[in-house]
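Read off the chains here:
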Amino acid sequence: KLRLVDIIHAEQYSGPRHIKTSKDGKYIYIIHEAKSYIGVYKYEEKSEGNPVFELIETVPTINDYHTDDTAASALNLSSDYKYLVTTNVGDNSAAIFEIDQKEGTLSRILCLPVSGMYPKDAALFPDNKHLVSLNHENNTMTFFAVDLEKGTLAMNTKEIKIDQPNCVVFHKLGGGSDD
């Protein structure tokens, strides 16, 4: 049986879109599409195992100089749970944040263009040195070399045409013990 144990309250008209959980389960991250920010919540179990969520910070997904015609879209954790990636429709950018592993808070590393229209999804490759953006309006995938220390993205190959790109999923191939 399902039962209501808590409600996560969001700013009115903020448009919560996606939710991700930290590796240790202590924090959740919610992308707010209409207001272009990430809400960071601390998660604790209180009496009788009931969860309680406390908003600890909100972090804009766009740079200060962007217009109001921007909406946050994607929200993905890196495979090692150290980074959070989001995209911004309107200015067609991707933002990467480093996650403080003790506090759950976010520090923006970069927010840069992805050379495509309406980046619906983006993700870091498992090596954290490459990023792919799915650009819905022009049906492309664009690929970048990422330098997280310098905060840079550099397009490193031609765009690839793909019909209605929607979601990035990395899946390890193989099955042998040496993979």
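Up top is the structure.
Thresholds applied
- Residues numbered from 1 in each chain as written.
- Predicted model: local features only at pLDDT ≥ 70, side-chain atom pairs only at ≥ 80, totals over all residues.
- Heavy atoms only, no water.
- Phe/Tyr/Trp six-rings, centres within 6.5 Å; stacked < 30°, edge-to-face > 60°.
- Helix = DSSP H or I, 4+ residues; strand = E, 2+ residues; numbered from the N terminus.
- Buried < 20%, exposed > 50% of the residue type's maximum accessible area, 1.4 Å probe, protein only.
- Polar contact = N/O pair within 3.5 Å; in protein donor to acceptor, adjacent residues only side chain to side chain.
- Contact = heavy atoms within 4.5 Å.

> Kindly report on the packing of aromatic side chains, identifying the contributing residues and their values.
Taken as a whole and assessed by the stated rule, the structure comprises three aromatic pairs. With a centroid separation of 6.5 Å and 55 degrees between ring planes, the pair formed by F125 and F143 is classed as tilted. Remark: F143 occurs in strand β11 (residues 140–147) and F125 occurs in the loop between β9 (119–124) and β10 (130–135); sequence separation between them is 18 residues. For F125, a relative accessible area of 26% gives the class partly exposed. Residue classification places F143 among the buried residues on the basis of a relative accessible area of 14%. Their ring planes at 55 degrees and their centres at 4.8 Å tell us that F125 and F170 sit as a pair that is tilted.

> Summarise the side chain of S93; cite the residues concerned and give the values.
Position of S93 among the secondary structure elements: in strand β7 (residues 93–99). Overall, S93 belongs to the buried group, its relative accessible area being 2%. A distance of 2.5 Å separates polar atoms of two side chains, one belonging to S93 and the other to D91. In this structure S93 touches T86, T87, N88, C111, L112, P113, V114 and P119, once residues within four positions along its chain are discounted.

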